[in-house]
Amino acid sequence: MNIRATRCFLLTCTAIAALSPLSAAAQGLPPDATALQTIVLKGKRVKAGDIVNTPLASQTTEEEIEKKQVQSIEDLGRSLEPGVNYSRGTTNSLNIRGLEGNRVATVIDGVPLTYLQDTARSTAGGAESFDFFALTSVDVVRGADSSRIGDGGLGGALVLRTLEPEDLIGEGRDWGGKVGTGYDSMDNSWYGGAAVAKRVENTSALFLGSYKTGHERDNKGDVGGNGATRTEPNPADYDQHNLLFKLRQDTELGHVFGLTAERFRFEKDTDLRRDQTLTGNYRPGNHSNGQLNERDRVSLDYFYEAPSSDGLIDAAEATLYWQRQLRQDSQDSIRWTSVPGVYKRWNDIEESGFGFNGFFDSGFETGGVSHVLTFGTDIFISRAEQYSAGVDSCPASPPYTGVYGACGNLHTNQADMPDVDSKRMSFYVQDRMSFGDSGFTLTPALRYDWFDHDPQATAAYLGNAMKPDTPPGSSGDAWSPKLLAEYELSDTFTLFGQWAMGFRSPTASELYMTFGAPGTYLRTGNPYLEPETSNGFDVGARFGDSDFGGSLTFFYTRYKNFIENRNLTAAEQIARGIDPSAGYMFVQTPVNVSRAEIYGIELAAHKRFDNGFNMRAGLAYARGTNLETDQLLASVPPLKGIIGVGYETEAWGVDLLWTGVEGVDDQSAASFKAPGYGIFDLTGWWEPEQVKGLRIQAGVYNLFDRTYYDALNTKDYTTITAANEEYYSEPGRTFRISLTQRF
C-alpha cells in the first residue's frame, strides 16, 4: 500500500480496535476484559441450503435499508457495505472484490438475473433491474461459493429477497401494508410506492407497485452550453416502474405453495449536448440517447419447513420460473456533415427462458457427528437474441464516398450475432458436519456445472454486412469443490477458513458477436473460448452479536482463463481465418488470459452503547494483477473505509458517516488517476409517537460539498483532461428525504 492507503487503513483499523475497550468501559469492565453475548444474525433465520448461510455473507434487513435510505447499489456500498461498488462507466454493473459484469451474480427470490452485454454496440447491464422498495433483505456473498452460486459468481453475489405477505401482516392481524415516498436532490427525483397484503384463512396475497421519476445525475461541473467544454451533466429524464404480485397457500404440514409475478421497467432519455456544436455533425437539439431496461418474471414457488425433527427432509425450496430480460440503447439524431440526414438506432439484446432451481436439507447424526446434508439443482433453458434496427441516409450499397464514406461501418437492420439457444444445468451437494460439543464444523461441498450454446442462423444474422458463416456451438463443464472449516472458540467468537473453486461460462456475446467492415475495424466473437475458473482461499474470524461484534477476512484468489478483449496480430488473424490484407485498422476479439490474481482484506465492526450511542467501521482493500502482463486490473477499486457514529432512541436517531477512499495507484492501467477523497454524510430518522407506523428519514450527503471522483466510473474513459474532468465528478452536496407509513 502507498502512504494514502496506509493512512486510510490505519484510521479505519484504529476505529475498529477502539470499539473493544469502549464496549468494556461502557459495561464497567476493565479494557482488557470481554463481555459478549450469543451471536444474533441480522435478518431472518436461514436454512443450511440458503445461499447466505456462510461466514462470507452479510445480511441487511428491510429496517436497515429504510433507516439508511438505501435506494441503489451505490447507496448500499456507501453506507453499509464498503466492499460493494457499482460501476456506471461502460459496464453498468455490480462490483464485488474487484470483479464486475458477468463475473458477479445477482439473485432475486432464488432466480438469477442475466447480465446482458452487446460487445458490438456498447450495450450492457440488466443485473440492476430491481427496486429496493420491494425488498425485504439484501445479502452480499463475497467470493465464489461453489456450493450454491455456481456459474457467474466468481466475485460473489448480491442475494435479494422481495417482500412476502407475512412481512406486511403483523402478528394477530389478517392484513397489513406500507406506503412510501421520497425526494432526492442528487438527480431531482421522487418516488412513490405502495404494498398491501391480505390473509384469508391459509391463503395470503400481496400487491406492490412503485414508480420513480427523475433527471440527470448531478456533478460538480459548472460549465453549460454545448460541446466538449461542457462540464455540467447532459440533461436527462427517466421513469422507473415496478410491479409485484404474490399468492401463497399454506398447509398445516409445513408446505407453502405460491405464485409470483413481477415486472420492472426503466427508461431514460438523454440530450447529448457535449457532442453537439454549431458547425459539427450533431447540432444543438438534434442528438439524443435512450436506454431501456426491462425484466418480467412469473414463477411457481414452493417452501417447506418440517413441523417436527423426525422426518427425512427438514427444509426445502423450489422455484419453476419464466423470465425475460431486455436491454436497449438507442440514438435519435440528425447529422449535418457525415452521412447527413436522419440517423436513428435501436440496439437490443434480450434473453428469455424457463428455469428451475431447488434444494432440500436433511439432518441426521452418525457417531457423534451432526450432519445437515443439502442437495440442490439449477436448470435454465434460454434463447439470447440481438438486433440493431435503424434509419439513416446511407446508400443501399457501396461504394460509399464523400459525405457517405462512414457508411462502410454504419451497419443496421441486422443481427450482429446469431440467435443462441442455451442450456445450463448444475447439481450440488454439501454436508455441514458438527463434531459434538467441540465447536468444530466442517462443510465439504461439490458442484457440477454444464453449459451448451447452440447458435441458430437467422435471416437477420446472415444479412450481417460481414457475411459471416454460422459459428460452431460451444459447450463445457466443470467440477467446483469447496471446503469450509469453522471453529467456535466460544459462543461469541468463531474462526473460519475456506477453499473454494468458481466457474463462469462464456456468454453468447463473447462467443459469437461480429461487427465491422474492411477498411475500418472488426470486432468478432471467439467460439473457442474456455470457461473462466477460480481457486480461492479465505481465512478470518467473526465475533460478537448485534450489540457488539465484527469480522475480519483475508482472501486470495487465482483465476485461470480470464476472458479479456485483445487486438489480434496478423498471424493470429490468419489462424482465425481472417485476411489481414482486408485493411482492418484493428481486429479485436475476446481471448483467455491464462493467469490473474486478486487478494485483499475486509474488516467490519459495530458497537451499541446502553446510552443510545453507536459506532461502526468497515474497510475493504483489494489488489488485482494480470499475471501475463503484470498490469493491475482496472476493475479492482481502491481501498475504501467507512467510520460511522450515531445516536438512537426508540423514536429517533442520527448518524454521521465518513467515507474515505484511496487514490488510484500510479501503476493502474486507468488513464485517469482518480485522487483519493474523504466525504461526510449526515442522516437521521424519526418515528413520531402520535402517528403509529410512520417513519421519516432525511439526509445530507457530501456534507462539505467536496469535489471527488469514483475510480470505477472513470476507468474506461481516455479523454479526461484538466479542462473537462469535472464532467466526470460525483455529486456535490445533496439532500434526501423519505417517508414510510406502515399499516
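Bear in mind the structure is a predicted one, so any value in this text is a computation, not a measurement.

Right, let's talk about the overall build of the protein for a bit. Looking only at helices and strands, one finds 8 helices and 35 strands in the protein. Taking 27 Å as the expected radius of gyration for a compact globule of 743 residues, we find that the protein reaches 26 Å, a close match to that expectation. Projecting the C-alpha coordinates of the protein onto the three principal axes gives extents of approximately 85 × 55 × 55 Å. A buried classification covers 55% of the 743 residues belonging to the protein. Looking at the protein alone, contacts between residues at least 24 apart form 68% of all its contacts between residues at least 6 apart. Of the accessible surface of the protein, which amounts to about 31,300 Å², a share of 57% is contributed by carbon and sulfur atoms.

A separate point is the sheet that holds strand E1 (residues 57–61). In space, the 5 strands of this open sheet follow the order E1-E9-E10-E5-E6, with mixed pairing throughout. For this open sheet the edge positions go to E1 and strand E6 (111–113), each flanked by a neighbour on one side alone. Strand-to-strand, the axes of this sheet are offset by a mean angle of 20 degrees, without reference to chain direction. In this sheet, strand E9 (residues 135–142) lies alongside E1 in antiparallel orientation, the contact comprising 5 bridges. The residue of E9 that forms the bridge with Thr61 is Ser137.

For Asp538, the position within the fold is in strand E26 (residues 532–544). There is a polar contact of 2.9 Å between the side chain of Asp538 and the side chain of Arg97. When residues no more than four places from it in sequence are discounted, the contact partners of Asp538 are Leu56, Arg97, Phe496, Gly497, Gln498, Thr553, Phe554 and Phe555.

In a disulfide, the sulfur atoms of two cysteines are covalently bonded to one another. Per the counting criterion, the structure on display carries 1 disulfide. Through a disulfide, Cys394 is tied to Cys407; the S-S separation comes to 2.1 Å. On the sign convention where negative means left-handed, the S-S torsion of about -90 degrees between Cys394 and Cys407 marks this disulfide as left-handed. Linking Cys394 in the loop between strand E19 (369–391) and strand E20 (419–435) with Cys407 in the loop between E19 and E20, this pair joins segments that are 13 residues apart in sequence. Under the relative-accessibility criterion, Cys407 is labelled buried at 4%.

For the rest of this paragraph, the subject is the packing of aromatic side chains. By convention here, two paired aromatic rings are described through the distance between centres and the angle between planes. Summed over all chains, the structure comprises 24 aromatic pairs. Aromatic pair Phe451 and Phe503: ring centres 6.2 Å apart, planes at 40 degrees, arrangement tilted. Taken together, the positions of Phe451 in strand E21 (residues 440–456) and Phe503 in strand E23 (residues 493–504) put the pair 52 residues apart, joining distant regions of the chain. For the pair Phe451 and Phe503, a shared accessibility class is recorded, and that class is buried. Members of the aromatic cluster, joined through ring pairs, are Phe515, Tyr521 and Phe586. Across from the ring centre of Phe609, 5.4 Å away, lies the NZ or CZ of Lys607, which sits over that ring.

Right, let's talk about the environment of Thr181 for a bit. Within the element layout of this structure, Thr181 appears in strand E11 (residues 175–184). On the basis of relative accessibility, which here comes to 36%, the residue Thr181 falls in the partly exposed class. Counting along the chain gives 557 residues from Thr181 to Ser738, while the straight-line C-alpha distance between them is 5.6 Å. Not counting residues within four places of it along the chain, the set of residues in contact with Thr181 comprises Trp190, Tyr191, Gly192, Ile737, Ser738 and Leu739. A polar side-chain atom of Thr181 sits 2.8 Å from the main-chain carbonyl oxygen of Tyr191.

Attention shifts here to the nonpolar core. The nonpolar side chains of a soluble globular protein tend to be buried, and buried together. Ranked by size, the top nonpolar core spans 29 residues in total, and within it Phe130, Val138, Leu158 and Ile598 carry the most contacts. Secondary-structure elements contributing two or more residues to this core are helix H3 (73–79), strand E2 (84–87), strand E3 (93–96), strand E5 (104–108), E9, strand E10 (156–162), strand E27 (548–567) and strand E28 (587–608). The residues contacting Leu158, other than those within four sequence positions of it, are Ile73, Leu76, Leu94, Ala105, Thr106, Val107, Phe130, Val138, Asp139 and Val140.

Attention now goes to the pairing of E28. On a regular strand, each side chain points to the face opposite its neighbour's, so the side chains alternate between the two faces of the sheet. Pairing between strand E25 (residues 522–524) and E28: 2 bridges, direction parallel. Each bridged residue has a counterpart across the sheet, and for Arg523 the counterpart in E28 is Gln588. With 19 bridges connecting them, E27 and E28 associate as antiparallel partners. In the sheet register, Tyr559 faces E28, and the bridge partner there is Ala596. With 13 bridges joining them, E28 and strand E29 (residues 613–626) adopt antiparallel strand pairing. Among the inter-strand pairings, Ala605 is bridged to a residue of E29, identified as Ala617. Between the antiparallel neighbours E28 and E29 lie 4 residues, among them Gly612 with a positive phi of about 100 degrees.

Backbone hydrogen bonds are what pair the strands of a sheet, in a parallel or an antiparallel way. Across the sheet, which stays open at both edges, the 3 strands sit in the order E2-E3-E4 with antiparallel pairing between neighbours. Every other strand in the sheet has two partners, leaving E2 and strand E4 (99–100) as the edge strands with one partner each. Pairing geometry for E2 and E3, over 4 bridges, is antiparallel. Looking across to E3, one finds that Asn85 is bridged to Asn95.

A separate point is a nonpolar patch on the surface. There is a patch of nonpolar side chains on the surface, built from Leu247, Leu259, Val298, Leu300, Leu320 and Phe356 and spanning about 460 Å² of accessible area. Along the chain, Phe356 turns up in strand E18 (residues 341–366).

Another aspect to go through is the pattern of salt bridges. The final tally for this structure, using the stated rule, is 60 salt bridges. Among the ionic pairs, Glu317 bridges to Arg161, the shortest N-O distance being 3.3 Å. A residue pair is termed long-range when its members are at least 10 positions apart, and Glu317 in strand E17 (residues 315–335) and Arg161 in strand E10 qualify at 156 residues. Given a relative accessible area of 13%, Glu317 falls into the buried group. Since its relative accessible area comes to 27%, Arg161 is described here as partly exposed. Residue Arg263 is joined to Asp296 by a salt bridge in which the shortest nitrogen-to-oxygen separation is 2.6 Å. Of this pair, Arg263 sits in strand E15 (residues 255–271) while Asp296 is found in strand E16 (residues 282–305), placing the two residues 33 residues apart along the sequence. The exposure class assigned to Arg263 is partly exposed, which follows from its relative accessible area of 33%.

With that out of the way, let us pick up the environment of Val369. You can see Val369 is positioned in strand E19. Between the C-alpha atom of Val369 and that of Arg595, which follows or precedes it by 226 residues, the distance is 40 Å. Contact partners of Val369, with chain neighbours within four places excluded, come to Phe364, Met433, Ser434 and Phe435.

Calculation rules
- Residues numbered from 1 in each chain as written.
- Predicted model: local features only at pLDDT ≥ 70, side-chain atom pairs only at ≥ 80, totals over all residues.
- Heavy atoms only, no water.
- Helix = DSSP H or I, 4+ residues; strand = E, 2+ residues; numbered from the N terminus.
- Rg over C-alpha atoms; globule rule 2.2 N^0.38 Å.
- Buried < 20%, exposed > 50% of the residue type's maximum accessible area, 1.4 Å probe, protein only.
- Contact = heavy atoms within 4.5 Å.
- Areas by Shrake-Rupley, 256 points an atom, 1.4 Å probe, with all protein chains shown as cover.
- Pairing = 2+ DSSP bridges.
- Axes fitted to C-alpha atoms, helices over the stretch in contact; angles between N-to-C directions.
- Polar contact = N/O pair within 3.5 Å; in protein donor to acceptor, adjacent residues only side chain to side chain.
- Disulfide = S-S within 2.5 Å.
- Phe/Tyr/Trp six-rings, centres within 6.5 Å; stacked < 30°, edge-to-face > 60°.
- Lys NZ or Arg CZ within 6 Å of the ring centre and 35° of its normal.
- Core = buried A, V, L, I, M, F, W, Y, C linked by side-chain atoms within 4.5 Å.
- Patch = residues over 30% accessible without salt bridge, like charges linked within 9 Å, V, L, I, M, F, W, Y side chains within 5 Å.
- Salt bridge = Lys/Arg side-chain N within 4 Å of Asp/Glu carboxyl O.

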